[in-house]
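The lines below spell out each chain.
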Amino acid sequence: MNLNKLRQVVAVYQAGSFSAAASALNLSQSALTKAVASVEQSIGRQIFLRTAKGVQLTETGRSLVDRLVRILNDVDDLITDTAADTDMKTRRLRVGITPPSLEAFIVDAVARVITSDDKVTLEISGLRADAARRALRQGDIDLLLAPTPTLAAWNEVTAHDANIIRPLVFVRLGHPLASLDDPTVVNLAKFDFVAPTNIQQYSKVLRQLDFNSERSSKQKMHVIDYFPLVTRIVEMTDCFSVVSKNHIPSASFSDRFRVLDIPEVFDPLELSFAFSDPDHQKPLASRFVAAFNDPYT
């Protein structure tokens, strides 16, 4: 049954006459009369009794209109809610990060996207690689940031180059290394390493630690993928960790830590983005990628 015709039946009841309803609906009275007659024919019952003063509902009409009012209100609410949900999804961006420790490198991009539009909402999820792959495939996230080798191993994913992360060693203020003018790997090997994640990128420094220390790197490396905890451990101990040269954190970080430029300790970390639906990328996802790749845009 035509939804518009049902709305017209309700309009006649609410207006009290065909002429008044036709005027409110911007229809001819004959067109409205035919629409109501069509509904009456469909249900096999008369809905209105015509009187000199307008129309009155029959018993069947009363039952029908009462139910129609509720149903049409529900339909209107559904349409409104669906439109609002669509708008919310357009302004919501779900970003996955793997390994989770890379979250430390997206702080600036997150802040820039949020401040650029007060209606934008972000959902940031730090995920293990297998969970990130599944979330991307199922559409549970819109965008994934990951090391390029990780995405290259996933045949179903098209990777888009992101900024290269250039790691630097950082230690607490007052650390023995902080007082050296030109610290070296030999100096570094005396201390434990807090690795934000256990990835291939650290293999080079681990070999150097093995070569320059009496203890093996396996005995000297702590793997913790929650960066706030990493910074807390470094702040309270003589351990060292890494931070990106591209995304040196806030002034409060500089008040607590010293960044050391020790040549050839870490290889650059190549990162890439992948979209859950490459053919229909959200404009907000593209804005996030741009904010990450160029922090000065």
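What counts, and where the lines are drawn
- Along each chain, residues carry numbers from 1 onward, in the same order as the chain's sequence is written.
- Predicted model: local features are reported for residues with pLDDT of at least 70 only, side-chain atom pairs are reported and counted for 80 or more only, and whole-chain, interface and lining totals are derived from all residues.
- Side-chain calculation: all heavy atoms of the structure are included, whereas hydrogens and water are not.
- Going along the chain from the N terminus, every DSSP run of H or I of four or more residues is numbered as a helix, and every run of E of two or more is numbered as a strand.
- Here, two residues are considered to be in contact whenever any of their heavy atoms come within 4.5 Å of each other.
- Every accessible area reported is derived by Shrake-Rupley at a probe size of 1.4 Å, with residue values counting cover from the shown protein chains alone.
- At least two DSSP bridges between two strands are required for those strands to pair.
- Comment: axis = line fitted to C-alpha atoms, over the contacting stretch for helices; angle = value between 0 and 180 degrees taken between N-to-C directions.
- Salt bridges are counted wherever a side-chain nitrogen of Lys or Arg sits within 4 Å of a carboxyl oxygen of Asp or Glu.
- Exposure classes here rest on a 1.4 Å probe applied to the protein chains alone. A residue is buried below 20% of its type maximum, exposed above 50%, and partly exposed in between.
- What the arc covers is the set of directions going from the helix axis to the C-beta atoms.
- Classification of ring pairs uses Phe, Tyr and Trp, with its six-membered ring standing for Trp, and accepts pairs whose centres are within 6.5 Å; under 30 degrees between planes counts as stacked, over 60 as edge-to-face, and the remaining range as tilted.
- Along the chain, pLDDT gives the predictor's confidence residue by residue, from 0 to 100.
- One less than the residue count of a helix, multiplied by 1.5 Å, gives the span that helix is expected to have.

## Points about the overall build of the protein chain
Point 1. Within the protein chain, the regular secondary structure consists of 13 helices and 12 strands.
Point 2. Counting contacts in the protein chain only where the partners sit at least 6 residues apart, residues at least 24 apart contribute 72% of the total.
Point 3. Total accessible area computed for the protein chain in this model is approximately 16400 Å², and 50% of it derives from carbon and sulfur atoms.

## A few points about the sheet that holds strand 3 (residues 92-97)
Point 1. An order of 4-3-5-12-6 is seen for the five strands of this open sheet, with the pairing classed as mixed. Taken across any chain shown, the strands that pair with only one partner, and hence form the sheet edges, are strand 4 (121-126) and strand 6 (160-165). Between one strand axis and the next, the sheet turns through 20° on average, direction left out of account.
Point 2. The sheet contact formed by strand 3 and strand 4 spans six bridges and is parallel. Each residue of the ladder has a partner; that of valine 95, found in strand 4, is isoleucine 124.
Point 3. Strand contacts of helix 13 (residues 283-293): strand 3, strand 5 (143-147), strand 6 and strand 12 (269-275), with the helix running at about 170° to strand 12, the strand carrying the most contacts.

## What to know about the pattern of salt bridges
Point 1. Within this structure, the stated rule accounts for 10 salt bridges.
Point 2. A salt bridge links arginine 62 to aspartate 66, with the shortest nitrogen-to-oxygen separation between them at 3.9 Å. Highlighted residues: arginine 62 and aspartate 66, both in helix 4 (residues 59-90), separated by four residues, approximately one helical turn.
Point 3. Of the charged contacts, one joins aspartate 238 and arginine 172 as a salt bridge, the two residues approaching to 2.5 Å between their closest N and O atoms.

## Considerations on helix 2 (residues 18-25)
Point 1. All buried positions along helix 2 are accounted for by Phe18, Ala21 and Ala22. Seen from one end, helix 2 has its buried residues packed into an arc of 100°, which puts them on one side. In this structure, helix 2 carries Ser23 and Ala24 as exposed residues pointing more than 90 degrees from its buried face.
Point 2. On the buried face of helix 2, the contacting elements are helix 1 (3-15), helix 3 (29-43), strand 1 (48-51) and strand 2 (54-57).
Point 3. Just downstream of helix 2, asparagine 26 is the residue with a positive phi angle, here 60°.

## Describing the packing of aromatic side chains
Point 1. Tallying each qualifying case throughout the model produces eight aromatic pairs.
Point 2. Geometrically, the ring pair formed by phenylalanine 253 and phenylalanine 257 is tilted, given 4.8 Å between the ring centres and 40° between the ring planes. Just as phenylalanine 253 is buried, phenylalanine 257 falls in that class too.
Point 3. Connected via pairs of aromatic rings, a cluster forms that spans Phe170, Phe227, Phe253 and Phe257.

## Concerning the confidence of the model for the protein chain
Interpreting fine coordinate detail is not advised for predicted regions of low pLDDT.
Point 1. Mean pLDDT over the protein chain works out to 83, with 86% of the residues at or above the 70 mark.
Point 2. No element of the protein chain has a lower mean pLDDT than helix 9 (residues 203-212), which averages 63, and none a higher one than strand 5, which averages 93.

## Details of helix 3
The α-helix advances 3.6 residues per turn, and as a result positions three or four apart in sequence lie on the same side.
Point 1. Relative to the 21 Å expected for 15 residues at 1.5 Å per residue, helix 3 spans 22 Å between its end C-alpha atoms, a close match to the ideal helical length.
Point 2. Along helix 3, the positions that sit buried rather than exposed are Leu32, Ala35, Val36, Val39 and Glu40. The buried residues of helix 3 occupy one face: seen down the axis, they fall within an arc of 135°. For helix 3, the exposed residues set more than 90 degrees away from the buried face come down to Lys34, Gln41 and Ser42.
Point 3. Those residues of helix 3 that are buried lie in contact with helix 1, helix 2 and strand 1.

## Digging into the pairing of strand 7 (residues 167-172)
Point 1. Counting buried residues along strand 7, six of its six residues qualify, which places the element largely inside the surrounding structure.
Point 2. Note: strand 7 against strand 10 (residues 241-244), four bridges, orientation antiparallel. Paired with leucine 168 across the strands is valine 243, a residue of strand 10.
Point 3. Pairing analysis gives four bridges linking strand 7 to strand 11 (residues 257-260), with the strands arranged antiparallel. When the bridges of strand 11 are listed, valine 169 appears paired with leucine 260.

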